[in-house]
Amino acid sequence: MSNNLWGLTLFIVGFSLLTSCQPESYADISSPDGKTKVHFAITEDGQATYQVAYSGEELIAPSAMGFTLSEQNAFEKGLSIESIRQSSYDETWEQVWGEVSSIRNHYIQAEVSLRNPENLKLKIVFRVYNNGVGFRYLFPEQQGLQQFDILEEHTHFNLAQPDKAWWIPGNPDSYEYSYQNSRVSEIDSANTPITIQCNNGVYLSLHEAALTDYAGMRLRKSNDHISGLKSDLVPWPDGIKVKANTPFKTPWRTIQIGNTPGELITNYLILNLNEPNKLENTDWIKPLKYVGVWWSLHLGVETWIQGDRHGANTENVKRYIDFAAQNSIEGVLAEGWNQGWENWGTGEPFDFVTPYPDFDIEAVLAYANYKNISIIGHHENGGNVESYEKHLISALDELQSQGIHHLKTGYAGGIVPKGQHHHGQWMVRHYRRVVEEAAKRQISINAHEPIKPTGLRRTYPNMMTREGVRGMEWNAWSEGNTPEHHTVLPFTRMLAGPIDYTPGIFDILYRRYDRSRERWHPNDKGGARVHTTLAKQLALYVVLYSPWQMAADMVENYSQQPAFQFIRDVPVDWDETKVINGEIGEFVTIARRNGPDWFVGSVTDEQPRTITFSLDFLESGQTYEIITYADAEETNLEHNPEAISISKSSKTKDDQITLHLGSGGGAAIQLKPI
Ligand code: NOJ
Ligand code: CA
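Summary of the structure given here. Here the structure is a predicted model, which is why all the values come from computation and not from measurement.

**Focus: the site of ligand 1**
- Of all residues adjacent to ligand 1, which total 14 residues, the nearest are E335, E380, K408, H448 and E467.
- In this structure, an oxygen atom belonging to ligand 1 sits 2.6 Å away from a side-chain N or O atom of E335.
- A distance of 2.7 Å separates an oxygen atom of ligand 1 from a polar side-chain atom of H448.
- Expressed as a share of its isolated accessible area of 290 Å², the protein-covered part of ligand 1 is 97%.
- Partitioning the shell around ligand 1 into residue classes produces five nonpolar, three polar and six charged.

Set out below in structure tokens:
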């Protein structure tokens, strides 16, 4: 992260108190540039409401806030304002790793103190940014409210001028869906982030930040407003939404605003609303590219469980280590290394420390060490978190003693104890405990079947990436992901945080190279395949941000593939990110810089397109060598998706680039100063 935009000398922290006023029934809060405005008001019957305007137009119509707690207590009606304090804050902070090296956190804050008819206290804190709004509730320590339950959160989002929304269903256990595009009024229940295009051309993303000890928020249709959505928290088995003790803070409810869809991608409000890095030493936190015994398991070529085709055997994993060492790949994953995979799907526990007999873990670790490759640990628990909680400390200790710094976790199955959900408070606490315990042992996490990202990576930069998306694996055993999917994800799921999508499948039609016979098999997957061209697979390394990027195919499928050079060269950590163009569900082009080098990824849906853009983001007076990996003339999504054209040219910032993207296609470009 050299060469950053702001430079260390510009690191400023400012905090100033603007006003402190006497009881009022409303507050107006404006962003530093005055464009975003929040109007907070208490209605005649004492309900708290907020309203959001941007560039003089209402985006969120007056919307209710508040809670129903158990035991007759509520912060719903009859509220009065005790005080309102406004302040401003301006700071630029450095990311340990990320899509950009430094981020400005500049907002106006209002802290509103309220009382309910029972004289209980609640505070609402608003932070108003030039590009969005965050607000959270605080339950102060007080007489009469110590231990309490939240039965219902009443936060509403009444969209004033919604046109279209992109969303996934509000399943309490999974985010692995294709995005739907509909009117807001057609949403019954959705998980966040939800992206909304407004009638005036402004784009919004509704989500949450700093979800650390609370239930995940879904949004469901509200009866208050034609385009109204309301908070719908994932419950505990007893129906209670949140169990709490004062003092207690909820996550931030967030509204990100962009004049273009691309502005949502470079909006860092979610990170800004999280607490700063808590880890003193972060030298051990390393972004990486990885390969592994993985895709073969999903295709059924090899197995997780012990047997003739067991993938994670010593020899096979050494072959992956050799490949990684020869190809600028830093990590190797070996799923199915441990005992217990026979239990997957039954709810019975896995064993997180005992290898299968044909996996000589010591030999593998020694070999990886010798080749300077990081072995990635894997803890799949199949959803049995009761058992994982019990064994967590010893399993993490074991990784630490083995010198392992990267861990992929998995929760593929219904949660044990029964009745708990992946996205409920109990699991939110669990996921966070794993991150904290892993940090103590210098281990970074990539969680599958996770809780959605809400910016915790700022506080714990060892929480590096996660699934929580309909990822590559779906192409192995379902009808697969549509070409459109990759043009929606950057504007939806990616706004929440990094995605372990696992791109890089080169054998797109699953002809599978048979190593023993040195020939290709016919596809025996009943038509299953990846629905992109090869060039688009490369583009995804730039388009879908993750500090861990897998080259997901079986390594033999990379041999004699000139296109693999792009994966060797592409970084996984960036100083700058620019969205060149994009329309949600149609296409997107993103440029990212690492030191002096730029990389561009461009992807389209099923529609072929010609995309022209200026290179004006390059440095002046500098000539760049450009290597372009693009769909070739003969590339055809159905019959010839693996055809790729690799070409070289040289250009400066005064030039333009024109790309021809085929149906389901894309392009990846490397730009190096010469
Ligand atoms: C689902 C995960 O998403 C996938 O990556 C993993 O291979 C399987 N579970 C088994 O752990
Ligand atoms: Ca999964």
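After that view of the structure, there is still more to cover.
**Points about the packing of helix α4 (residues 314-326) against helix α5 (residues 361-370)**
- Two elements in contact, α4 and α5, have axes whose closest approach is 10 Å; the angle formed by their N-to-C orientations is 10°. Judged on the interaxial angle alone, α5 and α4 are roughly parallel. Here the hand of the crossing between α4 and α5 comes out right-handed. Contact residues: α4 offers T314, V317, K318, I321 and D322, while α5 offers A363, V364, Y367 and A368.
- Tallied by class, the residues present in the contact of α4 with α5 amount to six nonpolar, one polar and two charged.

**Quick word on the sheet that holds strand β37 (residues 644-651)**
- Strands sit in the order β32-β33-β34-β39-β36-β37 across an open sheet of six strands; the sheet is antiparallel. With partners counted over all chains shown, the strands left at the sheet margins are β32 (576-583) and β37, one partner each. Neighbouring strand axes in the sheet, compared pairwise and without regard to direction, differ in orientation by 15° on average.
- Examined bridge by bridge, strand β36 (residues 624-631) and strand β39 (residues 666-673) share seven bridges and lie antiparallel to one another. In the strand pairing of β39, Y624 is matched with P673.
- Running at roughly 125° to strand β34 (residues 597-604), helix α10 (residues 534-543) makes contact with β33 (587-594), β34, β36, β37 and β39 of the sheet.

Scoring rules and cut-offs
Residues numbered from 1 in each chain as written. Chains lettered and ligands numbered in written order. Predicted model: local features only at pLDDT ≥ 70, side-chain atom pairs only at ≥ 80, totals over all residues. Heavy atoms only, no water. Near = heavy atom within 4 Å. Polar contact = N/O pair within 3.5 Å; in protein donor to acceptor, adjacent residues only side chain to side chain. Areas by Shrake-Rupley, 256 points an atom, 1.4 Å probe, with all protein chains shown as cover. Nonpolar A, V, L, I, M, F, W, Y, C, P; charged D, E, K, R; others polar. Axes fitted to C-alpha atoms, helices over the stretch in contact; angles between N-to-C directions. Helix = DSSP H or I, 4+ residues; strand = E, 2+ residues; numbered from the N terminus. Parallel < 35°, antiparallel > 145°, perpendicular 65-115°, else oblique. Left-handed = near helix turned anticlockwise from the far one by under 90°. Contact = heavy atoms within 4.5 Å. Pairing = 2+ DSSP bridges.

Bear in mind that shape data such as this cannot, by itself, settle questions of function.
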